[in-house]
Amino acid sequence: PDPAAAAGIPAAATHAEPEMVLNFKLPDESFKEVVIRNRPLGLDFKRSSPICMKTVHKGSIGDKLGVQAGWLIYNVNGEDVSSQPFEYTYKLLKEVSAMLPMTESSE
């Protein structure tokens, strides 16, 4: 038997999968949280602060999660990056996304 289950620990607590939580500010001033668990993301963005989505590749993980061009990244895994320089946020995105597993291509 699974020792974690015997100890009453939920399976999710013992086998936590890496994820990246992005909070976007949308053009209508509302916010949307997107949880990403795989890469590649399929997102291209402008060198801006806050970072603005430029292109979302059709059929990509970003596309399947509903991310759209024009959205601004305001928060990465709970950290407010809305006033951080582009280089800081880009480095953080690279570090966090590098921990995500690669998705096997279905093509």
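In the block above lies the structure referred to throughout.
So, a few notes on the structure that sits alongside this text. (Residues numbered from 1 in each chain as written. Predicted model: local features only at pLDDT ≥ 70, side-chain atom pairs only at ≥ 80, totals over all residues. Heavy atoms only, no water.)

**Quick look at the overall build of the chain**
Applied cut-off: Think of it this way: any DSSP run of H or I at least four residues long counts as a helix, any run of E at least two long counts as a strand, and we number them from the N terminus. Only protein chains enter the area calculation, which uses a 1.4 Å probe; residues under 20% of their type maximum are buried, those over 50% are exposed, and those in between are partly exposed. By the convention used here, residues are in contact when the closest approach between their heavy atoms is within 4.5 Å. For the area figures, the Shrake-Rupley method with a 1.4 Å probe applies, and any residue is considered shielded solely by the protein chains shown.
A tally of regular secondary structure across the chain gives four helices and six strands. Taken from the N to the C terminus, the helices and strands of the chain come in the order α-α-β-β-β-β-α-β-β-α. A total of 107 residues make up the chain; the buried ones form 32% of that total. Contacts in the chain between residues at least 24 apart in sequence constitute 47% of all its contacts with a sequence separation of at least 6. When the accessible surface of the chain is totalled, it reaches about 6,900 Å², and 53% of it is carbon and sulfur.

**Observations regarding the environment of Val67**
Mapped onto the secondary structure, Val67 falls in the loop between α3 (61–64) and β5 (72–76). Each residue touching Val67, except ones within four places of it in the same chain, is listed here: Phe24, Val34, Leu43, Met53, Val56 and Gly62.

**Quick notes on the pairing of strand β3 (residues 43–46)**
Going by this rule: For two strands to pair, DSSP has to find at least two bridges joining them.
Sheet topology note: the β3/strand β4 (residues 52–56) ladder contains four bridges and is antiparallel. Residue pairing in the sheet places Phe45 in a bridge with Met53 of β4. Where β3 hands over to β4, the hairpin turn is made up of five residues, counted between the paired strands.

**Here's the deal with unusual backbone geometry**
Here the bond from Arg39 into Pro40 is cis, since omega is 5°, no more than 30 degrees from zero. A positive phi is found at Glu29, a non-glycine position, where the angle reads about 80°. Position of Glu29 relative to the elements: it lies in the loop between β1 (20–25) and β2 (31–36). Despite not being glycine, Asn77 has its phi angle at roughly 50°, a positive value. Mapped onto the fold, Asn77 is located in the loop between β5 and β6 (79–80). What makes Asn77 partly exposed here is its relative accessible area of 38%.

**What to know about the packing of aromatic side chains**
Put simply, the rule reads: Here a Phe, Tyr or Trp ring, Trp counted by its six-membered ring, pairs with any other such ring whose centre lies within 6.5 Å, and the pair is stacked when the planes are under 30 degrees apart, edge-to-face when over 60, and tilted otherwise.
One pass over the full model with this rule turns up five aromatic pairs. For the pair Phe45 and Phe86, a centre-to-centre distance of 6.2 Å together with 55° between the ring planes defines the contact as tilted. With Phe45 in strand β3 and Phe86 in helix α4 (residues 86–98), this pair connects stretches of sequence that are 41 residues apart. A relative accessible area of 9% places Phe86 in the buried class.

Function cannot be read off these values alone, since they describe shape.
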